Amino acid sequence: MRTLLLPSVLILAASCGHPSRPAEPADPALVAEARQFVAELDRTVRQLTVDASLASWANETDLTPEHEAATARASEAQSVEITKLVKAARKFDPILGQLDPDTRRQLILLKFQAQPSPDDPAQARELAELAAKMDSEYGKGVCKTVDGKETCEDIEYWSKLLQKDRAPDHLLAAWKTWHDEIGHKERDLFVKYVALANAGARGIGFSNVASLWKSGYDMPEDQFVATVDRLWGQVKPLYDQLHCYTRRKLNEMYGDQVVPKAGLIPSHLLGNMWAQSWDYLYPELEPYKGVAPIDVTPVLEKHYDARQMVQIGEAFYTSLGMDPLPASFWQRSQLTKPRDKNVVCHASAWDVQYNNDLRIKMCINLNQEDLWTIHHELGHDYYFHYYYQLPVLYQSGANDGFHEAIGDAIQLSMTPAYLKAKGLLAEVVKNDKATINQQMQTALGKISFLPFGLLVDKWRWDVFSGKVAPAQYNQHWWDLKKQYQGVAPPVPRAATDFDPGAKYHVAANVPYMRYFLAAVLQFQFHKALCAKADYHGPLYDCSIYGNKNAGAAYMKMLALGASRPWQDALFELTGTREMDASAILEYFAPLQGWLQQQNKGQRCGW
Ligand code: X8Z
Ligand code: ZN
C-alpha cells in the first residue's frame, strides 16, 4: 500500500567526490548511461510497485490464504528486483555530483523504494512471506474455532470496549486479551523478520534497517535523531501538564489502588488500546461541564452514512479549489466493514495503480473520530492526486511526515464555527470556558499522541540496530512507554509477551516516526495556511475552509511530491527550513496556562 508501506524518501547526495580535490569531468558515456538507467527505472519500478500494491489491496480487503500468498509473491518480486537495481546503480556513485539534479535525486531515492531483500533467494522469499503473514494475522485479530468454523474479533471490536466501558476489570480483560493473543501470534514472526530485513539492508550498504529508515530525511541520520529529540524537548512540558491533569482525574475516578496519585498511569484506562490518544476520555476530563457541546457524533449517527461522511471531507478539499475525487474512488474504495470476510480495518489511503486510482480503505463508524480520520486519509489521496504525473520515484511525500500531516492540518480547520456551518453542531459558544473545552478535546487527540509517536520507532531503532536482543524486546518497549508516555502495563508482563506486536504498524512493518513528525508539521502547515488566508486571530480559531489562496499554496506543495528535499517544500509553504514545534505551543497557549493553574500543588511527572 502506498502511503503506509514505503519507508519513503531520501538522503542528500553527500557522496559527491572529495571536497578538496576538483571533480574530474565525468565520462560522458557514463552520464548518458545514468540518464538512460533512470528513465528505465521509472518503468520497472512502476510496474513492480503497482503489482505489489494490487495484491496487497486484494489481500487487505479480503484476507484469504490465496491473497496472502499472492501478496508475498508480489512483494518478493518488488523487493528482489529493486534491490538488484540499487546494486546496479552503484556504478554511478562516483559521478553523482556531476549528474543533473533529477537524475541524481532519483538515484538517491531508489534506495528507499522498498524493503531490500537478502541475496539468498530462500531468505528473500521468507522475508516477504513473514511480512504478509504478520499483516494478515493482525488484521484477522483474535480467532476461535467452534464446530470447525473460525470466527475472529478484530481490533475494531476490542477498541470499542476500551472506548466505551469504564469498569477497570472489563478494560483489563479487553486489553490483556488483545495484547496476549496478537502479541503471541506476532512474536516469533517478528524476530525472524528483523534478522532477514537487516540482511537486506546490509546488502545495499546500510548497517541495519534502523539506519536505512533514519537516512530517509535529506540529512545525516544522527542529525535526524537530534531533530526529533529537539522537537520532543519543545513539546514535553505541555505533555507533562496534560498527563498530570489526566492522572489526577483518573485517580479521583478510580481511587489510589487503581491509579496512583504520583507515578505512572495504567495504560488500559485511557480509552485507547495503546494509550496513544485519549479522545474518548473527554467526557470524564471536560474542563467546564456542559458549557459547549462539541461532539458531532450524535448528528452523524442520526443523519449520515459512511459515504456522506466522506463527502463532507471531499467538500472541504474542493472548497480550497482542489478537484473532486474521481468516480473510480467511489466505486473502488472500501468505506465500511464487509460482513462476510475478514479485512484489515486499519484506515489507509491508496493510489493503487499510480495513475490517480485513488481509494481509501476504512471500516467507518458513524462517529467523530472516524470523521477526523476520513480527513486524514483524504489528505493522502489529494497528495497522490497532485503528484501522480511525476516520475514514480517522486511519487512520495516531501518526507513521510508531510504525507501524514496534510489531512491532519485540515482537521485543525474543523473548528466549531466550521462544524456549525456544516450543520454538524447546533451552536457555537464563544467564551474562555468554551475555548478551554475545545482545546482539551483537541489536546486529548493530538498532545497525548506525541510521546507515543516518538517511542514506537525509538523502540524499533534499538531492535533493528541490535541494541536490544529478542529476550528484552518487551521490557524495552515498556521502559520507553514509561520514559516517554508515563504509562505502565496494567498487569506484569513477561519476556515471552510481545506487546509492540499488538500495534498495527509493528505487525505491518510501517515506519512510525512519520506520525510524530506529522504531529508537529500539521501545526506549522496550519499556521502558514492561515497566514495565506490572511487570518490574524488566534491559531486555534482559524479555519481555512473555502479559502482559495490557502488551497493554492497547499496544492503547490503537494505537486512537488518528493522531487525536492523536504526543506525546500517546507520553505515554499512556511518560509522556514526547519521542523519546529513553536506553532503547537502557540496553538495550545490557553490550555497550557489553564493546566498549569489546575496542576498547582500537584507533584507532576513520574
Ligand atoms: O495509522 C494511522 C492512519 C493511517 S496512515 C489512520 N495513524 C496512526 C495510528 O493509527 O497509529 C494516524 C494517527 C497515527
Ligand atoms: Zn496516514
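Keep in mind the model is a prediction, meaning the values are calculated, not measured.

Basis of the calculations
- Residues numbered from 1 in each chain as written.
- Chains lettered and ligands numbered in written order.
- Predicted model: local features only at pLDDT ≥ 70, side-chain atom pairs only at ≥ 80, totals over all residues.
- Heavy atoms only, no water.
- Salt bridge = Lys/Arg side-chain N within 4 Å of Asp/Glu carboxyl O.
- Buried < 20%, exposed > 50% of the residue type's maximum accessible area, 1.4 Å probe, protein only.
- Near = heavy atom within 4 Å.
- Polar contact = N/O pair within 3.5 Å; in protein donor to acceptor, adjacent residues only side chain to side chain.
- Areas by Shrake-Rupley, 256 points an atom, 1.4 Å probe, with all protein chains shown as cover.
- Donors = N, O, S within 2.8 Å, 3.2 Å for Na, K, Ca; no water.
- Tetrahedral: all angles 85-135°; square planar, octahedral: opposite > 155°, others 65-115°.
- Phe/Tyr/Trp six-rings, centres within 6.5 Å; stacked < 30°, edge-to-face > 60°.
- Helix = DSSP H or I, 4+ residues; strand = E, 2+ residues; numbered from the N terminus.
- Lys NZ or Arg CZ within 6 Å of the ring centre and 35° of its normal.
- Arc of directions from axis to C-beta.
- Contact = heavy atoms within 4.5 Å.
- Disulfide = S-S within 2.5 Å.

### So, the pattern of salt bridges
Move 1: Under the criterion given, the structure shown has 32 salt bridges.
Move 2: Of the charged contacts in the structure, one is a salt bridge between K261 and D256, with a shortest N-O distance of 3.2 Å.
Move 3: Using a relative accessible area of 56% as the deciding quantity, one classes K261 as exposed.
Move 4: According to the relative accessible area criterion, D256 is partly exposed, its value standing at 46%.
Move 5: Taken together, the shared-partner salt bridges in this structure form one network comprising K176, D180, R493, D497 and D499.

### Thoughts on the site of ligand 1
Move 1: Around ligand 1 there are 13 residues in total, and Q276, H346, K503, H505 and Y512 lie nearest to it.
Move 2: The separation between an oxygen atom of ligand 1 and a polar side-chain atom of K503 is 2.7 Å.
Move 3: For ligand 1, an oxygen atom lies 2.8 Å from a polar atom in the side chain of H505.
Move 4: Considered on its own, ligand 1 offers 370 Å² of accessible surface; in the complex 85% of this is hidden by protein.

### Some words on the coordination of the zinc ion (ligand 2)
Move 1: Those donors, H376 (NE2), H380 (NE2) and E404 (OE), are the protein atoms that reach the zinc ion (ligand 2), and they lie 2.0 to 2.1 Å from it.
Move 2: For the zinc ion (ligand 2), the 4 donor atoms in the first shell make angles of 91 to 128° at the metal, so the coordination geometry reads as tetrahedral.
Move 3: By relative accessible area, E404 is classed as buried at 1%.

### A few points about the packing of aromatic side chains
Move 1: Following the criterion strictly, the structure yields 41 aromatic pairs and no others.
Move 2: Ring centres of Y317 and Y382 lie 4.6 Å apart, and the angle between their planes is 10°; on these two criteria the pair is classed as stacked. Highlighted residues: Y317 in helix 12 (residues 306–319) and Y382 in helix 14 (residues 368–387), separated in sequence by 65 residues. An identical accessibility class is assigned to Y317 and Y382; each is buried.
Move 3: Grouping aromatic residues by their ring pairs yields a cluster made of F190, F449, F452, W459, Y473, W477, F498, Y512 and Y515.
Move 4: In this arrangement the basic side chain of K214 is found over the ring face of W461, its NZ or CZ atom lying 4.8 Å from the centre.
Move 5: The aromatic ring of W274 is capped on one face by K503, whose charged end is 4.1 Å from the ring centroid.

### With respect to helix 25 (residues 589–598)
Move 1: Along helix 25, the residues that are buried comprise L591, Q592, W594 and L595. Looking straight down helix 25, one finds its buried side chains confined to an arc of 165°; they lie on one side.
Move 2: Structurally, helix 25 contributes buried residues whose contacts are with helix 9 (221–254), helix 17 (432–446) and helix 24 (582–587).

### Describing the state of the cysteines
Move 1: Per the stated rule, a full pass over the model turns up 4 disulfides.
Move 2: The partner cysteine of C244 in its disulfide is C604, sulfur to sulfur 2.0 Å. In this structure, the disulfide formed by C244 and C604 twists by about -80° around the S-S bond and is classed as left-handed. With C244 in helix 9 and C604 in the segment after helix 25, the pair connects residues that are 360 residues apart, well separated along the chain.
Move 3: Overall, C244 belongs to the buried group, its relative accessible area being 1%.
Move 4: C604 gets classed as partly exposed once you look at its relative accessible area, which sits at 35%.

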